[in-house]
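Structural description and commentary
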Amino acid sequence: MNIFKRKREEKRAEPPIDDVLLKSLLYGEEIDREKALNTPAVARCVNLISEIVSMIPIKLYKEETIDGKSKTIEVTSDNRPNLLNDDTKDTLNGVQFKRAIVRDYLLFGKAFAYINKKRNNVQSIHYVEPQKVQIVKNFDPIFKDYDLTVHGRTYKPFEFLKITRATTDGVNGIGVIKENQELLKIAYQTIKFEQTLITTGGNKRGFVKSQNALTKEAIKALKDAWHKMYADPSENNVVILNNGLEFQEASSTSVEMQLNESKIATNNSILDIFSVPQDFDYEIFIKTAIMPIIAAVECALNKDLLLEKEKRSLYFAFDTKEITKGDIKTRFEAYKTALESNIMQIDEVRYMEDLEPLGLNFVKLGLQDVLFNPSTKEIYTPNTNQITNIERGEEIENRNTQ
C-alpha cells in the first residue's frame, strides 16, 4: 500500500497562475485579461499580431532523398493541415483557432488545445482556455513530468497541444500580463483617470474652507450639491456657497500636468513589450513580432501532432509567403530575384499567384555563365558550346563543329 501511496504523491497540483480572483485576495487588485485589453496599446498589439498569424496557412512537408539529393515536398493527402487551417471539427474554425492560441500565448504565456485521436489518426483539435487547465507536476527538477486536468479529468501531455512563452518546464509560461503588471497598472489607471475627468466635465478637485463649524445637515446638503454637480456634467449644475464658505482648488499634481507625456511613454513601452516598432516598419515588425511566435507554434506542432516515426521526415511550417501577398511590389521583386537566380521557374511563380500554368518547364541560363561539374571536373561554356576538363586542360567536345 505504501508503494502505491508514494506513486500517487509524486505529483502535486498547482493552482492556475492566472487565477485572478485568488491573486486579488492574496496580493490585492491585479490586471486581468479584460483590463489589459482595455488599454488601447495592448489591444492594438494583440489584435494585430494574432490577426496576421491567423491568416498564414500551416502546411505539412516531407523531406525525401532521391538519387542522393534531398528534396522537400508538400504533403497534401494528410488531414492535419486542414484541421489547423480550415475546419478544426470544433466550434472554432482554423482562423479563429489560431487567433485564440496566439492571444493566449501573448497574454497568459500558454495556449492549449486537446488533440482528439482515434488510434494514431487526429480526428479533431479542440481549443481549451488556459484558465480551465490545471497542471499536476512531479518534484524531480531533472526528469520533469506532469499531467493536465480539465474539469477533474486527467490527461497525458501527448494528448494536448501546448504552446508556451518564457517557460522553464514546457507547460507553464509567463505572459505579458504577469510579466508587466506594474506597467499595465499605470496604463489602466491612466485610462481610469481620463474617464474620471470626462465624467466630471473636467471640474477640478478641491476642498471647502469654512470659518465656522458646520452642522451635520449643512455638511450633508453641501455634499449632495457637490455630488449632483459632478454626477452629470451635461447639466449646468452649480453649488451655492453660503457666507463663510470658500472653495479652494487643489493644485495639479505632476502626473496631471504631464499626462500626455506619460501616456506616450507608457504606450511606447507597451509596444516594446510586444516587439512592435514605434515607427512602424512592416519588415521589422514581421521579424521581431511575428516570426518568434511562428517558430514557437511550429515547434509545438512538430512535438505534439507528429508521431515519433514521422518526426524523422515530416514537419509543420507556416507558409510565410502569404505575409507578403498584401504588398504586390515586394512580392513581385522577390519573384524577379528568384527567377533571375534560377531558384524558381515561371510556372511555380504563377502557381503561387493562383494563375494557370503556361507549361514552361525549363531553367533559364545566360550565355555569359560558365557551368562547372565538380564530380567530373568539367566546365561547360554555353557561349562557345564547348566542354573542357580542367584537370587535363584539354577540350573534350566542341558542339559547334558537329
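An account of the accompanying structure is given in this report. Remember, predicted model here, so these are calculated numbers, not experimental data.

1. A short note on the overall build of the chain
Summing up its helical and strand segments, the chain has 14 helices and 16 strands in all. Within the chain, counting contacts between residues at least 6 apart in sequence, those at least 24 apart form 57% of the total. Accessible area of the chain: about 25700 Å², with a carbon and sulfur share of 52%.

2. Concerning the packing of helix H4 (residues 40-54) against helix H6 (residues 94-108)
Contact pair H4 / H6: the axes reach a minimum separation of 8 Å and the direction vectors enclose 140 degrees. Judged by the angle between their axes, H4 and H6 are oblique. In this structure, H4 meets H6 at a crossing whose hand is right-handed. Where H4 abuts H6, its residues Val42, Val46, Asn47, Ile49, Ser50, Glu51, Val53 and Ser54 lie against Val95, Lys98, Arg99, Val102, Arg103, Leu106 and Leu107.

3. Details of the sheet that holds strand S9 (residues 160-164)
Pairing within the open sheet is antiparallel, and its 3 strands lie in the order S5-S4-S9. If you trace the sheet from one side to the other, it starts and ends with strand S5 (121-128) and S9, each paired once. Here the strands of the sheet are splayed against their neighbours by 25 degrees on average, with no regard to which way each runs. Across 5 bridges, strand S4 (residues 110-118) lies against S9 in antiparallel orientation. Counted as the bridge partner of Phe112 is Lys162 from S9. In the packing of H6 onto the sheet, the strands contacted are S4, S5 and S9, and the crossing angle to S4 comes to about 140 degrees. On the sheet, helix H12 (residues 282-304) packs against S4 and S9 and is oriented at approximately 155 degrees with respect to S9.

4. Points about the sheet that holds strand S3 (residues 69-74)
Read across the open sheet, the 3 strands follow the order S3-S2-S12; overall the sheet is antiparallel. The open sheet is flanked by S3 and strand S12 (314-318), the only strands paired with a single partner. This sheet shows a mean twist of 35 degrees between the axes of neighbouring strands, independent of strand direction. With 6 bridges connecting them, strand S2 (residues 58-66) and S3 associate as antiparallel partners. Bridging from a neighbouring strand, Lys62 pairs with Ile73 of S3. Contacts between H12 and the sheet are confined to S2 and S12, with S12 contributing the most and set at about 155 degrees to the helix.

5. Observations regarding the pattern of salt bridges
Inspection of the entire model under this criterion finds 15 salt bridges. Among the ionic pairs, Glu64 bridges to Lys62, the shortest N-O distance being 3.8 Å. Take Lys62: its relative accessible area is 31%, and that puts it in the partly exposed class. With a closest N to O distance of 3.9 Å, Glu182 and Lys185 form a salt bridge. Here the residue Glu182 and the residue Lys185 both occupy positions in helix H8 (residues 181-199), the gap between them amounting to 3 residues, near one helical turn. Residue Lys185 is classed as partly exposed on the basis of its relative accessible area, which comes to 27%. Several salt bridges converge on common partners, so that one network encompasses Lys59, Glu74 and Asp319.

6. As for the layout of surface pockets
In this model, the second largest pocket occupies a volume close to 430 Å³. In this structure, the second largest pocket is lined by 20 residues; those nearest its centre are Phe158, Lys162, Lys303, Asp304 and Lys311. Elements with a contribution of two residues or more to the lining of the second largest pocket: S9 and H12. Class assignment of the residues belonging to the lining of the second largest pocket gives a composition of 9 nonpolar, 3 polar and 8 charged.

7. A closer look at the pairing of strand S14 (residues 378-381)
If a strand is regular, its side chains alternate between the two faces of the sheet. Pairing analysis gives 3 bridges linking strand S13 (residues 371-373) to S14, with the strands arranged antiparallel. Considered in S14, the bridge of Asn373 is made with Glu378. Where S13 folds back onto S14 in an antiparallel hairpin, the turn is made up of 4 residues, including Lys377, whose phi is positive at roughly 60 degrees. In the sheet, S14 pairs with strand S15 (residues 386-389) via 4 bridges, with the strands oriented antiparallel. Looking across to S15, one finds that Ile379 is bridged to Thr388. Between S14 and the antiparallel strand that follows it, S15, lie 4 residues; Asn385 among them carries a positive phi value of about 55 degrees.

8. Regarding the nonpolar core
Grouped together as the largest cluster of nonpolar side chains are 55 residues, with contacts concentrated most on Ile49, Ile163, Phe274 and Ile290. With 10 residues, the single largest contributor to this core is H12. Those residues in contact with Ile163 that sit more than four places away from it in its chain are Ile101, Tyr105, Gly109, Lys110, Ala111, Ala296, Val297 and Ala300. By size, the runner-up hydrophobic cluster in this structure holds 10 residues, among which are Phe112, Ile135, Tyr155 and Phe160.

9. A few points about the packing of H4 against helix H11 (residues 259-273)
At a minimum axis separation of 9 Å, H4 and H11 run at an interaxial angle of 25 degrees. Taken together, the axes of H4 and H11 are roughly parallel relative to one another. Considering only the axes of H4 and H11, their crossing is right-handed. Of the residues in H11, those in contact with Ala41, Val42, Arg44 and Cys45 of H4 are Asn267, Ile270 and Leu271. Broken down by class, the residue content of the contact of H4 with H11 amounts to 5 nonpolar, 1 polar and 1 charged.

10. Remarks on the environment of Thr266
Relative to the assigned elements, Thr266 resides in helix H11. Taking the relative accessible area as the measure of exposure, Thr266 reaches 8% and is therefore buried. With 225 residues separating them in the primary sequence, Thr266 and Ala41 have C-alpha atoms 8.9 Å apart. Dropping the residues within four chain positions of it, Thr266 is found in contact with Leu183, Ile186 and Ala187.

Basis of the calculations
- Along each chain, the written sequence defines residue order, and numbers are assigned to residues from 1.
- Thresholds applied to this predicted model are a pLDDT of at least 70 for local features of residues and 80 or more for the giving and counting of side-chain atom pairs; totals over whole chains, interfaces and linings are not thresholded and use all residues.
- To get the side-chain values, all heavy atoms of the structure are used, and hydrogens and water are removed first.
- Numbering of helices and strands runs from the N terminus, with a helix taken as a DSSP run of H or I at least four residues long and a strand as a DSSP run of E at least two residues long.
- Contacts are assigned to residue pairs that have any heavy atoms within 4.5 Å of one another.
- In these tables, accessible area is a Shrake-Rupley quantity obtained with a 1.4 Å probe, and a residue counts as shielded only by the protein chains included in the view.
- Angles shown run from 0 to 180 degrees and are taken between the N-to-C directions of axes, each axis being a line fitted to C-alpha atoms and, for helices, limited to the stretch in contact.
- Working definition: roughly parallel below 35 degrees, roughly antiparallel above 145 degrees, roughly perpendicular at 65 to 115 degrees, and oblique for all remaining angles.
- Definitions for this section: a left-handed crossing has its near helix turned counterclockwise from the far helix by less than a right angle. A right-handed crossing has that turn clockwise.
- Should DSSP find at least two bridges between two strands, the strands are taken to pair.
- A pair is scored as a salt bridge if a Lys or Arg side-chain nitrogen falls within 4 Å of a carboxyl oxygen belonging to Asp or Glu.
- Remark: exposure states derive from per-residue accessible area (1.4 Å probe, protein chains only) relative to the maximum for the residue type, with buried under 20%, exposed over 50%, and partly exposed in between.
- Buried and open spaces are told apart on a 1 Å grid over the protein atoms alone, a cavity being a set of points where a 1.4 Å probe fits but cannot get out and a pocket being an open set with protein on both sides within 12 Å along at least five of seven lines. Residues with an atom within 4 Å of a point are the lining residues.
- Grid points are joined across faces, edges and corners, and a volume is the space filled by probe spheres set on the points.
- Basically, the charged four are Asp, Glu, Lys and Arg, the nonpolar ten are Ala, Val, Leu, Ile, Met, Phe, Trp, Tyr, Cys and Pro, and anything else, Gly included, counts as polar.
- In this description, a nonpolar core means a group of buried Ala, Val, Leu, Ile, Met, Phe, Trp, Tyr and Cys residues linked to one another through side-chain atoms lying within 4.5 Å.

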